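# Residue-level structural notes
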Amino acid sequence: MSAGPAVQARVMSLVNDILSANSIVVDVLPGSRLADIGMTSMDMVNLMLAVEAEFDMTIPQADITPENFQSPESIERLVAKQGQNVAA
């Protein structure tokens, strides 16, 4: 069972929700750098909390890195990795 399109859609939705709350209208692509499209460090914290809630998981401290929250794609990989750890 792979992460697949459903995870990507959910991550993209979370990112878009935070951007629209800030009145930022941009086309977000899976590879978009979140800092470049207007997300602040506070937005990143909110996104991390939203990802944890959406996927019912706790992101380990070691995985809370700029690299893992660089783009929707990197968040998707993080969620998939955590899913494997949970399923194991």
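I will try to describe carefully the structure that is included in this document. Being a predicted model, the structure only gives us computed values, none of them experimental.

### Here's the deal with the environment of aspartate 43
Following the sequence through the fold, aspartate 43 ends up in helix 2 (residues 41-54). Linking aspartate 43 and serine 32, residues eleven residues apart in sequence, is a C-alpha distance of 15 Å. In this structure aspartate 43 touches Ile18, Asn22 and Gly38, once residues within four positions along its chain are discounted. At 2.9 Å, the side chain of aspartate 43 forms a polar contact with the side chain of asparagine 22.

### A word on the nonpolar core
One finds Val15, Leu34, Met39, Leu47, Val51, Phe55 and Ile75 to be the most contacted residues of the largest nonpolar core, which totals 22 residues. Top contributing element to this core by residue count: helix 1 (residues 4-21), with seven residues. If sequence neighbours within four positions are ignored, valine 15 has contacts with Val28, Leu34, Met39, Leu47 and Pro72.

### Brief notes about helix 2
Compared with the 20 Å implied by 1.5 Å per residue over 14 residues, the 20 Å span of helix 2 between its first and last C-alpha is a close match. Of all the residues in helix 2, the buried ones are Asp43, Met44, Leu47, Met48, Val51 and Glu52. Aspartate 56 sits one or two residues past helix 2 and shows a positive phi near 50°.

### Quick word on a nonpolar patch on the surface
Taken together, Met42, Val45 and Leu49 make up a surface patch of nonpolar side chains, about 270 Å² in accessible area. Residue position: valine 45 is located in helix 2. A residue is classified by how much of its surface remains accessible, and valine 45, at 38% relative accessible area, is partly exposed.

### Section: the side chain of aspartate 43
Within the buried core, aspartate 43 has no salt-bridge partner, and the shortest N-O distance to an opposite charge, that of arginine 33, equals 15 Å. There is a polar contact of 3.0 Å between the side chain of aspartate 43 and the backbone nitrogen of threonine 40.

### Quick look at the pattern of salt bridges
Overall, the coordinates contain three salt bridges when judged by the stated rule. Note that glutamate 54 is salt-bridged to arginine 10, the shortest N-O span being 2.7 Å. Highlighted residues: glutamate 54 in helix 2 and arginine 10 in helix 1, separated in sequence by 44 residues. On the basis of relative accessibility, which here comes to 34%, the residue glutamate 54 falls in the partly exposed class. Its salt-bridge partner being aspartate 63, residue lysine 81 comes within 3.2 Å of it at the nearest N-O pair. Of the two residues, lysine 81 sits in helix 3 (residues 72-87) while aspartate 63 sits in the loop between helix 2 and helix 3, which places them 18 residues apart along the sequence. A relative accessible area of 38% places lysine 81 in the partly exposed class.

Parameters at a glance
- Residues numbered from 1 in each chain as written.
- Predicted model: local features only at pLDDT ≥ 70, side-chain atom pairs only at ≥ 80, totals over all residues.
- Heavy atoms only, no water.
- Helix = DSSP H or I, 4+ residues; strand = E, 2+ residues; numbered from the N terminus.
- Contact = heavy atoms within 4.5 Å.
- Polar contact = N/O pair within 3.5 Å; in protein donor to acceptor, adjacent residues only side chain to side chain.
- Core = buried A, V, L, I, M, F, W, Y, C linked by side-chain atoms within 4.5 Å.
- Buried < 20%, exposed > 50% of the residue type's maximum accessible area, 1.4 Å probe, protein only.
- Expected span 1.5 Å × (residues − 1).
- Patch = residues over 30% accessible without salt bridge, like charges linked within 9 Å, V, L, I, M, F, W, Y side chains within 5 Å.
- Areas by Shrake-Rupley, 256 points an atom, 1.4 Å probe, with all protein chains shown as cover.
- Salt bridge = Lys/Arg side-chain N within 4 Å of Asp/Glu carboxyl O.
- Lys, Arg positive; Asp, Glu negative; His and termini not counted.

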